[in-house]
Structure formats: structure tokens, C-alpha cells
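# Structural description and commentary
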Amino acid sequence: EIFLVAVAFAVRAGDTSDEGAAGTAHANFSFADAAVEYSTCPSKAKGGDLGTFKRGAMVPEFDAVCFDVDVPLNGLEGPVKTQFGYHLIQVRERSE
């Protein structure tokens with residue numbers, strides 16, 4: 001069973017460009033700062049930190065990114081579209 005620590009934040013569709021939240025998370029702010037500034041998700045209060053969770057605990061599109069071993073740790077993935085909106089995801093750790 002694989003567990004991981006991930007941070008993510010939901011963004012308004014217009015904020016997924018290089019000028020919006022994605023660009024800010026890449027260039028100017030830390031991921032946590034960008035989450036606090038731009039996120040529409042309750043996790044923004046913790047800098048987007050979602051803690052540790054198992055495969056299947058999140059929507060399939062989210063799991064597809066988080067549990068893909070080809071996705072580098074501490075990188076920025078997204079925007080990823082789910083039923084809840086668009087998300088920028090950073091996987092911090094994976095363990096089995």
C-alpha cells in the first residue's frame with residue numbers, strides 16, 4: 001500500500017496561466033504562499049497541505065498524478081482538472 005504526502009490547491013480557471021497561480025507558484029512564491037494567496041480550497045489555511053493519504057482516497061484524476069512514480073517529488077504538476085475544479089499539485093513524499 002502506498003501512502004504519500006501531498007499539497008495541492010484549487011484555483012479559479014483564469015488563474016492557471018503563467019500570469020496566474022501556476023506562474024506564481026513556479027516563480028515568485030513558495031507553493032504554500034501561492035496556496036494561501038490563490039486557493040479556493042479549505043486546505044489553503046495550511047498552505048495547501050493535504051497530509052498523508054492512501055491511493056483511492058482522492059478523485060481518480062488526483063490519484064493519477066499523486067501516485068505516478070514518474071511525477072517528480074517537490075515538482076509542480078498541473079493544472080489538473082477534477083470534478084472540484086483545477087488543482088496544482090506538489091507531491092512531497094511517497095512510501096509503501
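Residues numbered from 1 in each chain as written. Predicted model: local features only at pLDDT ≥ 70, side-chain atom pairs only at ≥ 80, totals over all residues. Heavy atoms only, no water.

Time to look at the overall build of the protein chain. For the protein chain, the count of helices and strands is three helices and four strands. Ordered by position from N to C terminus, the α and β elements of the protein chain give β-α-α-β-α-β-β. Across the protein chain, the fraction of contacts at a sequence separation of at least 24, relative to all contacts at a separation of at least 6, is 57%. Within the structure as shown, the protein chain displays about 5,300 Å² of accessible surface, and the carbon and sulfur contribution to it stands at 50%. (Helix = DSSP H or I, 4+ residues; strand = E, 2+ residues; numbered from the N terminus. Contact = heavy atoms within 4.5 Å. Areas by Shrake-Rupley, 256 points an atom, 1.4 Å probe, with all protein chains shown as cover.)

Mapping T82 onto the fold places it in strand β3 (residues 77-82). Polar side-chain contacts of T82 include one of 2.8 Å to the side chain of H87. Ignoring anything within four residues of it in the chain, the contact list for T82 reads V59, E61, F62 and H87. (Polar contact = N/O pair within 3.5 Å; in protein donor to acceptor, adjacent residues only side chain to side chain.)

Further remarks concern the environment of A32. With respect to the helices and strands, the residue A32 is situated in helix α2 (residues 31-38). Along the chain, A32 and K46 lie 14 residues apart, while their C-alpha atoms are 7.6 Å from each other.

Next up on the list: the confidence of the model for the protein chain. Summing up the model confidence of the protein chain, the mean pLDDT is 75 and the portion of residues at 70 or higher is 69%. Ranking the elements of the protein chain by mean pLDDT puts helix α1 (residues 21-27) last, at 50, and helix α3 (residues 60-66) first, at 91. (pLDDT = per-residue confidence, 0-100.)

Going through the model one piece at a time under the given rule, you end up with two aromatic pairs. With centroids separated by 6.1 Å and ring planes inclined at 80°, the aromatic side chains of F53 and F67 adopt a geometry described as edge-to-face. With F53 in strand β2 (residues 49-54) and F67 in the loop between α3 and β3, this residue pair connects regions lying 14 residues apart in the sequence. Neither residue differs from the other here; F53 and F67 are each classed as buried. Every member of this aromatic cluster is reached through a ring pair, and the members are F53, F62 and F67. (Phe/Tyr/Trp six-rings, centres within 6.5 Å; stacked < 30°, edge-to-face > 60°. Buried < 20%, exposed > 50% of the residue type's maximum accessible area, 1.4 Å probe, protein only.)

Now for the nonpolar core. Judged by nonpolar contacts, F53, V59, F62, V65, C66, F67, V71, V80, I89 and V91 together constitute the single largest core of 10 residues. Among the elements of the structure, α3 and β4 (85-95) are those that each provide at least two residues to this core. Among the elements that line this core, the one with the most residues is α3, at three residues. (Core = buried A, V, L, I, M, F, W, Y, C linked by side-chain atoms within 4.5 Å.)

Attention now goes to unusual backbone geometry. Here the amide bond leading from G78 into P79 is cis, since omega sits at 10°, within 30 degrees of zero. Along the chain, P79 falls in strand β3.

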